[in-house]
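Residues per chain, in single letters:
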Amino acid sequence: HKKKIYHRNINILFIGRDFIRKGGDIVLKVFLKLSKDFENINLFYIGPIPDNIKKIVRNHKNIYQYDKIDDNDLYNKIMPLSDIAFLPTRYDAYALTIIESMSYGIPVVASDINSINETITHGNNGFVGTYEDDYEKYLSILISEEKTRKSFSENAIQLIKEKHDPEMIGKKLMRVYENVISGN
């Protein structure tokens with residue numbers, strides 16, 4: 001479990017290099033709607049955005065957009081300051097961003113697709129949705145209900161410990177190798 005940095009506002013994190021495939025357009029639309037209802041939210045948008053949208057993003061005081069960010073800043077500054085990860089991806093073979101976010105105890109709101117359902121248990125360590133209205137509803141819950149956010153955060157950390165701990169994976173792999181070598 002990684003260290004969090006204390007902060008006042010609710011920070012929503014999006015990481016995606018491919019604007020359309022990763023749902024960057026959905027992130028911005030939903031965030032702009034939510035920012036009318038909640039003035040205490042910020043968006044950390046990591047990834048490039050099309051030129052025609054840059055002006056909207058630059059003029060919004062609660063959006064912090066980075067085309068690229070080095071690992072040190074991402075893992076030691078941005079992630080420890082993030083409260084919710086938002087990944088409305090249209091396609092993803094394996095969403096590593098979700099695993100990384102959960103390792104920081106960041107609940108995730110993401111799209112309802114197979115590779116994501118393997119990690120997120122809806123209503124336990126995050127929410128999965130299909131439409132902008134779903135995302136808006138689930139983000140609103142996590143923004144306004146600190147208890148839910150904390151509980152999801154603890155559940156996310158637990159999942160990482162149980163299923164994605166490098167030491168445990170190493171031991172399982174060792175057993176597989178030993179069985180193969182001994183012919184079992």
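Residues numbered from 1 in each chain as written. Predicted model: local features only at pLDDT ≥ 70, side-chain atom pairs only at ≥ 80, totals over all residues. Heavy atoms only, no water.

**Quick word on the overall build of the chain**
Consideration 1: From N to C terminus, the chain includes 8 helices and 6 strands.
Consideration 2: The C-alpha radius of gyration of the chain comes to 17 Å, within 12% of the 16 Å expected for a compact globule of 184 residues.
Consideration 3: Each principal axis of the C-alpha distribution contributes one length, and for the chain these read about 65 × 35 × 30 Å.
Consideration 4: Among the 184 residues that make up the chain, the fraction classed as buried is 48%. (Helix = DSSP H or I, 4+ residues; strand = E, 2+ residues; numbered from the N terminus. Rg over C-alpha atoms; globule rule 2.2 N^0.38 Å. Buried < 20%, exposed > 50% of the residue type's maximum accessible area, 1.4 Å probe, protein only.)

**Side note on the packing of aromatic side chains**
Consideration 1: Inspection of every chain in the model, using the stated rule, returns 5 aromatic pairs.
Consideration 2: Between Phe-44 and Tyr-64, the ring centres sit 5.9 Å apart and the planes meet at 65°, which makes this aromatic pair edge-to-face. With Phe-44 in strand S2 (residues 41-46) and Tyr-64 in strand S3 (residues 63-66), the pair connects residues that are 20 residues apart, well separated along the chain.
Consideration 3: A centroid spacing of 5.3 Å and a plane angle of 65° characterise the contact between Phe-86 and Tyr-135, whose relative ring orientation is edge-to-face. One end of the pair, Phe-86, is in strand S4 (residues 84-87); the other, Tyr-135, is in helix H6 (residues 132-144), and 49 residues separate them in sequence. Considered together, Phe-86 and Tyr-135 belong to a single accessibility category, that of buried residues. (Phe/Tyr/Trp six-rings, centres within 6.5 Å; stacked < 30°, edge-to-face > 60°.)

**A short note on helix H7 (residues 146-163)**
Consideration 1: End to end, H7 covers 26 Å across 18 residues, agreeing with the expected 26 Å (1.5 Å per residue, within 8%).
Consideration 2: Listed in full, the buried residues belonging to H7 are Thr-148, Arg-149, Phe-152, Ser-153, Ala-156, Ile-157, Leu-159 and Ile-160. The buried residues of H7 occupy an angular sector of 165° when the element is viewed end-on, so they sit on one face. Residues of H7 that are exposed and point over 90 degrees away from its buried face: Lys-147 and Glu-154. (Expected span 1.5 Å × (residues − 1). Arc of directions from axis to C-beta.)

**Comments concerning the nonpolar core**
Consideration 1: Counting residues in hydrophobic clusters, the biggest one holds 51 residues, and the most contacted among them are Leu-28, Leu-43, Phe-86, Ile-98, Val-109 and Ile-143.
Consideration 2: For this core, the element with the highest residue contribution is helix H1 (residues 24-37), accounting for 6 residues.
Consideration 3: Filtering out sequence-adjacent residues up to four positions away, Phe-86 remains in contact with Ile-12, Leu-13, Phe-14, Ile-26, Val-27, Val-30, Val-109, Tyr-135 and Leu-139. (Core = buried A, V, L, I, M, F, W, Y, C linked by side-chain atoms within 4.5 Å. Contact = heavy atoms within 4.5 Å.)

**Description of helix H2 (residues 51-58)**
Consideration 1: Among the residues of H2, Ile-53, Lys-54 and Val-57 are the ones counted as buried. All buried residues of H2 fall inside an arc of 120° around its axis, so they share one side. Summarising the geometry of H2, the exposed residues directed more than 90 degrees from the buried face are Asn-52 and Lys-55.
Consideration 2: Of the surrounding secondary structure, the elements contacted by the buried residues of H2 are H1 and S3.

**Description of the pattern of salt bridges**
Any two side chains of opposite charge can pair if their charged atoms end up close together.
Consideration 1: The tally for this structure, following the rule as stated, stands at 7 salt bridges.
Consideration 2: The residue Arg-90 makes a salt bridge to Asp-25 at a minimum N-O spacing of 2.9 Å. Taken as a pair, Arg-90 in the loop between S4 and helix H4 (96-103) and Asp-25 in helix H1 lie far apart in primary sequence, 65 residues in all.
Consideration 3: Judged by relative accessible area, Asp-25 falls into the buried class, the value being 18%.
Consideration 4: We note a salt bridge from Lys-29 to Glu-132, for which the minimum N-O separation is 3.2 Å. Highlighted residues: Lys-29 in helix H1 and Glu-132 in helix H6, separated in sequence by 103 residues. (Salt bridge = Lys/Arg side-chain N within 4 Å of Asp/Glu carboxyl O.)

**Here's the deal with the pairing of strand S5 (residues 108-111)**
Consideration 1: Alignment of S4 against S5, held across 3 bridges, turns out to be parallel. Residue pairing for S5: Phe-86 is matched across the bridge by Val-109.
Consideration 2: The parallel pair S4 and S5, bridged by H4, forms a crossover whose chirality is right-handed.
Consideration 3: As paired elements, S5 and strand S6 (residues 126-129) share 4 bridges and run parallel to each other. By the bridge assignment, Ser-111 is partnered in S6 with Gly-129. (Pairing = 2+ DSSP bridges. Right-handed = clockwise from strand over helix to strand, strands pointing away.)

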